[in-house]
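Fold and contact review
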Amino acid sequence: MKIEQIYSKGSNHTTYYLESNGEAAIFDPSDEIHLIIEKANVDYARIKYVFETGFHENLERLHMAIKNETGGDIIFGCGDINNYYGITANDNQVFRVGDCKVKAIYTPGHTLEATSYLIIDENGMEHGLITGATLLIGDVGEPNADYKNAKALSKESLVRILYKTIKERILPLKDILVIYSNPKNPGAHRKMMSAFITDTLGHQKKVNYALQPMSENDFVNVVLGIAV
C-alpha cells in the first residue's frame, strides 16, 4: 500500500492517491486529471474509486470527466442526500481497494455532508484518516453553509454539529493515525492552520486548540473567532 500527494499548481490543490495491488483510489481530485491518470499508469493500477470529503457544485464537470476517463465510481460524503451521478457513502461503509480498505466516517460540521476516510492497510491496521477540510493541521475547517443541503443552517449551527463530530467521531480514534488534510478546499483558510498538511492524530490532540477539552459554547466562540 502507498499513499501519495498529487499537487496541482494550477488549482493550488492537493489530491491524495492510494494504491494497493493494482487498484487505486483518489481523494478530492483536482482539475488536472492528467496528473492523476499518469500516476495510476506508472503503477499499472486501475482507478477504482474517486472519494470526495465534501461536495461542491462546480465539481460535477470534473467528476464526469474522471469517470469517463477511468471508469472509477464517484463516492460522495454520507450527508450528500441529493447526489444523482455517483454513490452516496453510508456511515461506516467499507470500500476495498486492492488489499486495503477505505472506511467512510461521517464527520459533518465544515459542511453538512463532510466525510472522512479511514485507511486500513493490508494487515488490517488502521493507518490514516483523510479529513479534507474537516480537521486541519492546527485547526478545523470554517463552517460552509453554501451547499444546498445546508442553506437553512447558520454557521453557528454547523459549528455545533462540528463540536459533536470532534467529540464523538475524531477524538476516540487512535493516536497513531496519520491525518491527511487538504487546506486548499474552499472555506478552509484559517488563522491557526499550519503550513503542514499531515501529522499524527496523537500530536494534534496535544497542539490543536479545537481538540482540547471545552464546552460546546466555548468551542463555537473560538472556532467562529479564528476565521481570517
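Described in the following lines is the structure provided in the data block. Since this is a predicted model, take the numbers as computed values, not measurements.

Parameters at a glance
Residues numbered from 1 in each chain as written. Predicted model: local features only at pLDDT ≥ 70, side-chain atom pairs only at ≥ 80, totals over all residues. Heavy atoms only, no water. Helix = DSSP H or I, 4+ residues; strand = E, 2+ residues; numbered from the N terminus. Polar contact = N/O pair within 3.5 Å; in protein donor to acceptor, adjacent residues only side chain to side chain. Buried < 20%, exposed > 50% of the residue type's maximum accessible area, 1.4 Å probe, protein only. Contact = heavy atoms within 4.5 Å. Core = buried A, V, L, I, M, F, W, Y, C linked by side-chain atoms within 4.5 Å. Phe/Tyr/Trp six-rings, centres within 6.5 Å; stacked < 30°, edge-to-face > 60°.

What follows covers the environment of Glu113. With respect to the helices, strands and loops of the structure, Glu113 is situated in the loop between β8 (100-106) and β9 (115-120). Between the alpha carbons of Glu113 and Cys78 there is a distance of 5.8 Å; along the sequence they are 35 residues apart. Among the polar contacts listed, one links the side chain of Glu113 to the side chain of Thr111, at a separation of 3.2 Å.

This next bit is on the side chain of Asn182. Positionally, Asn182 belongs in the loop between β13 (178-181) and β14 (198-200). The exposure class of Asn182 is buried, given its relative accessible area of 1%. A polar contact is formed between the side chain of Asn182 and the backbone oxygen of Thr14, at a distance of 2.5 Å. Setting aside residues no more than four positions away along its own chain, Asn182 makes contact with His13, Thr14, Asp28, Gly132, Ala133 and Leu136.

By size, the foremost hydrophobic cluster in this structure holds 23 residues, and its most contacted members are Leu129, Leu135, Val140, Ile166, Leu201 and Phe219. Put simply, the parts of the chain that give this core at least two residues each are β9, α3 (155-170) and α5 (216-225). Discounting residues that sit within four places of it in the chain, Leu135 has contacts with Val140, Ile170, Ile179, Ser181, Leu201, Asn208 and Leu211. Tyr49, Ala89, Phe95 and Tyr117 belong to the second largest nonpolar core, which has 19 residues in total.

Moving on: the packing of aromatic side chains. Tallying each qualifying case throughout the model produces eight aromatic pairs. Ring centres of Phe27 and Phe51 lie 4.9 Å apart, and the angle between their planes is 15°; on these two criteria the pair is classed as stacked. With a gap of 24 residues between them, Phe27 in strand β3 (residues 23-27) and Phe51 in strand β4 (residues 46-51) connect regions that are remote in the sequence. A residue is classified by how much of its surface remains accessible, and Phe27, at 1% relative accessible area, is buried. A relative accessible area of 0% means that Phe51 is categorised as buried. Ring pairs connect the aromatic residues Phe27, Tyr49, Phe51, Phe95 and Tyr117, which therefore count as one cluster.

In short, the description is geometric, and any link to function would need to be established separately.
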